[in-house]
Amino acid sequence: NCNLTFWYNMNGRQIGTLQVLLKTSISNQLLTLWQKTGNQGTAWKQATIPIRSNSQFAIVFEAKTGSGFLGDIAIDDITYSGCDTGQTVASCQPTQFLCSNQLMCIDRRYRCDEKVDCSDGSDEDNCRPFNGDCSFETTLGQCQWTQSSGDDGDWTIASTSLNGPKRDHRNTATGHFIYMDSSKQNPGDVLRIQTPFFPASHGVCYIRFWYYMFGSPSMGPLKVFLQNRNGNTTDLFWEMAGSQGMQWNYVNIPLGSAQDFSVIFEATRGDQVNSDIAVDDVSFTPECSTGVSPAAPSHTVCYQGTFYCAPLKQCYPNDWKCDGTLDCPDGSDEPNTCPTTAPVTGQVGPTTTHKPKTLSTTPAPLTTTAHILPNNCPQSKFQCSDGTCIPLLLLCDAVADCPDGSDETPSNCPITKCDVGFYYCKKQRQCINGSRCDNVDDCGDKTDESVCGNACPPNFCQGGSVCQKTGLKTLSCSCPTGLNGIRCQYRESKVQRHAGNAPSSSSGWKAGVGVTVGLVAVVALVIAGYFLWRRQRERNFNERLGIGLENPTYDGADMPSDFQMNPMEDPFQGVRMTSDATSIENPLYQEA
């Protein structure tokens, strides 16, 4: 029941157009809610517009000038009603996801897409990989992706590039992506890479990915094709060409085919070297693997900070995930993606071989809606599992600041290490490098404003570093040699990050070929230099003999000094000119 009310005045003979547009957090498209064009009279008029949006939104007023200066447009007294952010959502459509704070619904195609859409970030919690998903942190074979054999080269897995992105889309220190290295390809070369196959579907499957295209205006294009299992049909579903800015860009598009299909990414090398094209964090909605529409939730929704164990129909704390103990019989708390050793089978209660685990003696009733765990920490603080509050800047920075270490657990930290100059932003679930302590909330949850003032928090500076203040209130640490990071908590790597250090999707023979080509090039340069030196020597010798003409083939070395050219014959002899003497008639088409 959200409504926008405002007053407007559009009086004049040359009035243009006034529009009210809706901008949402999950789409770059502007939706027109209301529009008026032309003279509306001298009086102020009131307009009330209903707003329907299941995601965060903003209102844009857009005024367009008319044909002259007699066209002023004015607005006043803008009010909202029924749009309070504290109002909870009772339920969502089957094709939507209810955020944990129960304040908004988002389309399921935005769930687990490496981009935060819920205001509490819960749409990126408890994500697991599906068929075809690939973050390129492992080999292509583990993602079941394959390089095409009929193209002009292979995509490269890298953590940085010379002419393309310097780091992966989440700005991590060790993250990887795939890219076309334009310095190794010729203009017009095409590179293709293919996903595994998906069952036939229509209107339920979506692919999400990030791409980077910055450099030459004529770079690309990057294309996304669908190919059926027989390989006799290939359809273009998406295309982008030209430089798209020095940042990673997000794509979310529907896929579908009457037959089983796979996805092909195709990059074309532009006419300039700075034409690298990169792709990262490709994911598919669960419906791509099933080929059917999502069903309504068949189980209760757990509290924020917990996950659902289907076999036991029980909600467990997120801290029980990836802790080495198998608490849920289906293994959902210990997936293969956990950075732990093989889990040991345990049970809830004091008889477990690990630290005793107990659920609350008075658990809240399981309902069909989500609830919020009590949080007594301010917005710029992270609440540890024991209730301690620490600044958000200390979250996921490889230093355990919570007494129980919960600020560095896999369930709270999808990223293990940010790149130099970046820090982890919990709301955005990625590393950012926004300015700190400038009263501008770059992260959205005040992470960048959480450690400011005149003195660093206790144990803030690591490795014997010293707290220092830059600007009015920005705090950091003066790192000794060999350490880096805001807190000097990371040891500097002795190996520079470049594409060669990343897992390669191609065989080792490419390195040998590169060395061989390099040696051949050196030898070729030496031989070319020798012949150029000899040619110049002969030319100097000829000049001393007084020879004024050089034959490009023989250099005039054997010609007599009195050599003269014969008079040149008229090339147009016998050819009739037209009357204006500016063109030549073609003898094949002369009139008889």
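Right above here is the structure, for reference.
Residues numbered from 1 in each chain as written. Predicted model: local features only at pLDDT ≥ 70, side-chain atom pairs only at ≥ 80, totals over all residues. Heavy atoms only, no water.

**Things to note about the sheet that holds strand S17 (residues 261-268)**
Reading across the sheet, the five strands line up as S9-S12-S17-S14-S15 and stay open at both edges, with antiparallel pairing between neighbours. Looking along the sheet, the strands with just one partner apiece sit at the ends: strand S9 (146-147) and strand S15 (234-240). One ladder, built from seven bridges, connects strand S14 (residues 222-228) with S17; its direction is antiparallel. Looking across to S17, one finds that Val-224 is bridged to Phe-265. (Pairing = 2+ DSSP bridges. Helix = DSSP H or I, 4+ residues; strand = E, 2+ residues; numbered from the N terminus.)

**Observations concerning the nonpolar core**
Of all hydrophobic cores here, the largest spans 34 residues; its most connected members are Trp-145, Phe-209 and Phe-265. Going through the elements one at a time, helix H1 (140-143), strand S11 (177-180), strand S12 (190-194), strand S13 (201-213), S14, strand S16 (249-257), S17 and strand S18 (277-284) are the ones with two or more residues in this core. Tallying contributions element by element places S13 first for this core, with five residues. Among all residues touching Phe-265, those that are not within four sequence positions of it are Trp-145, Trp-155, Leu-191, Arg-192, Ile-193, Ile-207, Phe-209, Lys-223, Val-224, Val-279 and Val-282. Cys-384, Ile-432, Cys-461 and Leu-483 belong to the second largest nonpolar core, which has 28 residues in total. (Core = buried A, V, L, I, M, F, W, Y, C linked by side-chain atoms within 4.5 Å. Buried < 20%, exposed > 50% of the residue type's maximum accessible area, 1.4 Å probe, protein only. Contact = heavy atoms within 4.5 Å.)

**What about the state of the cysteines?**
Applying the stated criterion across every chain, the model contains 16 disulfides. In this model, Cys-92 is linked to Cys-105 through a disulfide, with the two sulfur atoms separated by 1.9 Å. Given an S-S torsion of about -80 degrees, the disulfide between Cys-92 and Cys-105 has left-handed geometry. Here Cys-92, found in the loop between strand S6 (73-81) and strand S7 (96-98), pairs with Cys-105, found in strand S8 (residues 105-107); they are 13 residues apart in sequence, far enough to count as distant. (Disulfide = S-S within 2.5 Å.)

**Notes on the pattern of salt bridges**
This structure, assessed with the given rule, holds nine salt bridges. A salt bridge links Glu-266 to Arg-192, with the shortest nitrogen-to-oxygen separation between them at 2.8 Å. A residue pair is termed long-range when its members are at least 10 positions apart, and Glu-266 in strand S17 and Arg-192 in strand S12 qualify at 74 residues. Counted as one network, the salt bridges with shared partners bring together Asp-397, Asp-401 and Arg-487. (Salt bridge = Lys/Arg side-chain N within 4 Å of Asp/Glu carboxyl O.)

**Observations concerning the packing of aromatic side chains**
A ring pair, where both rings are aromatic, is described by two values, the distance of the centres and the angle of the planes. Per the counting criterion, the structure on display carries 16 aromatic pairs. Through pairs of rings, three or more aromatic residues link up here, namely Phe-136, Trp-145, Phe-209, Tyr-211, Trp-238 and Phe-265. Lys-115 extends its terminal NZ or CZ atom over the ring of Tyr-250, reaching a point 4.7 Å from the ring centre. When the ring centre of Phe-197 is taken as reference, the NZ or CZ atom of Arg-229 above it lies at 4.4 Å. (Phe/Tyr/Trp six-rings, centres within 6.5 Å; stacked < 30°, edge-to-face > 60°. Lys NZ or Arg CZ within 6 Å of the ring centre and 35° of its normal.)

**Overview of the side chain of Glu-124**
Checked against the element boundaries, Glu-124 lands in the loop between S8 and H1. In terms of polar contacts, Glu-124 uses its side chain to reach the backbone amide nitrogen of Cys-112, at 3.3 Å. With residues near it in sequence (within four places) discarded, Glu-124 still touches Tyr-110, Arg-111, Cys-112, Asp-113, Glu-114, Lys-115, Val-116 and Arg-429. (Polar contact = N/O pair within 3.5 Å; in protein donor to acceptor, adjacent residues only side chain to side chain.)

**Overview of the pairing of S18**
The element S18 is largely enclosed, with a buried count of eight among its eight residues. Note that S11 and S18 share three bridges and pair antiparallel. Among the inter-strand pairings, Met-180 is bridged to a residue of S18, identified as Ile-277. In the sheet, S13 pairs with S18 via six bridges, with the strands oriented antiparallel. Paired with Arg-208 across the bridge in S18 is Ser-283.

None of this, on its own, says anything about what the molecule does.
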